[in-house]
Amino acid sequence: MKEAPRPYRIPFNRVHLTGSELAYIAEAVERGHLSGDGAFTRRASTLLEETLGVPRVLLTTSCTHALEMAALLLDLKPGDEVIVPSFAFVTTVNAFVLHGARPVFADVRPDTLNLDERSLPALVTARTRAVVPLHYGGVACEMEPILMTAHRHGLTVVEDNAHGLFATQRGKALGTFGALATQSFHETKNITCGEGGAACFPDEETAQRAEVIREKGTNRSAFLRGQVDKYTWVAEGSSYVLSDLLAAMLDGQLEKLDRIQAGRARVTAAYRQALPAWAERHGVRLPAVDALRDGNDHIFHLLFASEGDRNRAMAALRAEGVMATFHYVPLHSSPHGRSLGQGGAPLPVTESVAGRLLRLPLHPLLSEADVERVIASVLRSL
Ligand SMILES: *Cc1c(COP(=O)(O)O)cnc(C)c1O
C-alpha cells in the first residue's frame, strides 16, 4: 500500500520579511555604497542604541566576530582563562580560544539554563580574565551576583546576547550589563539580515578601541568622522564591518521589530495556554516565567523527565512533519572541549538538561492552524 503523503511540514524557523527589506537593499545598490558604515548602518546602529539605551553599537559581520573583537580587546596572554557556560553555542567559547584563552566551563542553573552564578567564585583563578554569561532563550542571567564576582576579581564581563535582543531584566535591556555585549542577526535569530551581528558598548573608550579592531587595525573610523587627517595602521585587528547591503535588510527588520516580536509572542502564548496540563502529567517542564524578567520569545523549549521521553517525543513530532530540535551538545564533553582538558570536573546540570531538551517551532509565520497542529502533535507525543 502506498503511504499517504505527509500533510504538513512545519519548519522550526522561517524568516519573516516585513515588507521594506528588498526595497532598502535596492536603495543601497543604487546609492553605490556597498561596503560598511553607510547610511543604513548608521540608521540601524542608532536604532539599536536608542532602543537598548546603550551609548555605542557597532555592526559586525556576525556575533562570532563580535565575540572575537571582545577576545582581542582583552589582549589575552598565554594561560589566561575565560569562564563560559558549557551549555552554549560553539562560538561562545571558540572566539576566545582562537585568540589564546584557556576555556573554563561552568555549569548552568536548572531553572533558567543560564550560567550558575553560585558556581562562579570557585572557578575564578589568578589567571581568569573574563566571564561570558549567555542569556539562554532571552531569559536573563542573574547579572547582579555575576557582576559582583567579576568586580571583586577584576574580570571583564562579556554578555553573549545572541538570544536576548530586546529582552529585559527589571526593565534594563539585556546586552547593557557587561563591559560589552554581542548580538546576532543570523537567520535563526528574531531579527535577521542573514548573517550579521553587533557589539554594544557602555563606554566610549572601549568602543573606540573596538572600532580599530573592526576596521583591520586602522583608525579609518576616526578618519571618516574627520578626527584624523589620514588613516593608518594603529593596532592589530581584522575585517569585521557589516556590508551596508546587509544593514539595509537589517533596517527593514528593525523598523518593524514590534510586528516580528508580536508574531512570536502569539505563538508562545498559545503554547503556554495549551501545554501545562500535559506537561504536568508527564513531568515535562516549560520555560520559567518570572515577573522580573521580560523575555523576547526567542526559544520555547520542553524539558522532559528523561532523555528517552525527549527522543520519543522528537521522533513523534518529526513523523508528523513538525520540526523540533534539541540544544546544545555540551561544550566540555565535545571532542575539542575534551581535548583542551578541563580536568574532568563534572557539570551535572548541563549533562542532564542537554539530553532532555526539545525546542518547538517558533516564528511569526506560523498560522493559528500551524500552532494548533504543533500542539496536537505534542499532546500525543508521549
Ligand atoms: C547564534 C549564536 C551565536 C553566533 O552568532 P553568529 O551571528 O552566527 O556568529 C553565538 N552565540 C549564541 C548563543 C548563539 O545562539
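Computed from a predicted structure; not experimentally measured. (Residues numbered from 1 in each chain as written. Predicted model: local features only at pLDDT ≥ 70, side-chain atom pairs only at ≥ 80, totals over all residues. Heavy atoms only, no water.)

A. How the structure looks around the domain arrangement of the protein. Domain parsing of the protein yields domain 1 (21–254) and domain 2 (257–379). Counting residues at the interface gives 43 residues for domain 1, matched by 32 residues for domain 2. Of all residues in domain 1, F87, F105 and N190 bury the most surface against domain 2, accounting for 21% of the area lost on that side. Along the contact surface separating domain 1 from domain 2 lie one salt bridge. Put simply, domain 1 and domain 2 have 19 residue pairs in polar contact (both at pLDDT 80 or more) between them. Put simply, the parts of the chain that give the side of domain 1 that touches domain 2 at least two residues each are α4 (90–98), β3 (102–106), β6 (168–169) and α9 (244–254). When residues in the side of domain 1 that touches domain 2 are grouped by element, the largest group, five residues, is from β3. (Domains from an automatic or database assignment. Contact = heavy atoms within 4.5 Å. Buried area = accessible area lost by both parts, 1.4 Å probe. Salt bridge = Lys/Arg side-chain N within 4 Å of Asp/Glu carboxyl O. Polar contact = N/O pair within 3.5 Å; in protein donor to acceptor, adjacent residues only side chain to side chain. Helix = DSSP H or I, 4+ residues; strand = E, 2+ residues; numbered from the N terminus.)

B. Broad picture of the nonpolar core. Judged by nonpolar contacts, the single largest core of 42 residues is most densely connected at V82, F87, F96 and F201. When residues of this core are assigned to domains, at least three fall in each of domain 1 (21–254) and domain 2 (257–379). Each residue touching V82, except ones within four places of it in the same chain, is listed here: L76, F96, A101, R102, P103, V104, A130 and V132. Grouped together as the second largest cluster of nonpolar side chains are 26 residues, L52, L165, A247 and I260 included. (Core = buried A, V, L, I, M, F, W, Y, C linked by side-chain atoms within 4.5 Å. Buried < 20%, exposed > 50% of the residue type's maximum accessible area, 1.4 Å probe, protein only.)

C. Inspection of the sheet that holds strand β5 (residues 156–160) at higher detail. Spatially, the seven strands line up as an open sheet ordered β1-β9-β8-β5-β4-β2-β3, and their pairing is mixed. Unpaired on one side and paired on the other, β1 (56–60) and β3 mark the two borders of the sheet. Neighbour-to-neighbour, the strand axes of this sheet turn through a mean angle of 25°, independent of strand direction. Here strand β2 (residues 81–85) pairs with strand β4 (residues 128–131) via three bridges, running parallel. Along β4, the bridge assignment pairs I83 with V131. (Pairing = 2+ DSSP bridges. Axes fitted to C-alpha atoms, helices over the stretch in contact; angles between N-to-C directions.)

D. Fine view of the side chain of E159. With respect to the helices and strands, the residue E159 is situated in strand β5. Within the buried set, E159 has no salt-bridge partner at all; the shortest N-O distance to an opposite charge, 7.3 Å, is to K172. Engagement of the side chain of E159 in a polar contact is seen with the side chain of H135, the distance being 2.8 Å. If sequence neighbours within four positions are ignored, E159 has contacts with P133, H135, M143, L174, G175, T176, F177, G178, L180, A181 and T182. (Lys, Arg positive; Asp, Glu negative; His and termini not counted.)

E. Molecular detail of the site of the ligand. Around the ligand, the structure places 15 residues, and the nearest of them are C63, T64, D160, S184 and K189. Between an oxygen atom of the ligand and a side-chain N or O atom of T64, the distance comes to 2.5 Å. Interatomic distance of 3.2 Å between a side-chain N/O atom of K189 and an oxygen atom of the ligand. Protein chains bury 92% of the 380 Å² of accessible surface belonging to the ligand in isolation. In this structure, the ligand is accommodated by the largest pocket. Every element with two or more residues in the shell around the ligand is listed here: α3 (63–74) and α4. Residue classes in the shell around the ligand are distributed as five nonpolar, eight polar and two charged. (Near = heavy atom within 4 Å. Areas by Shrake-Rupley, 256 points an atom, 1.4 Å probe, with all protein chains shown as cover. 1 Å grid on protein atoms, 1.4 Å probe; cavity = no way out; pocket = protein on both sides within 12 Å on 5 of 7 lines; lining within 4 Å. Sits in = over half its atoms within 2 Å of the grid points. Nonpolar A, V, L, I, M, F, W, Y, C, P; charged D, E, K, R; others polar.)

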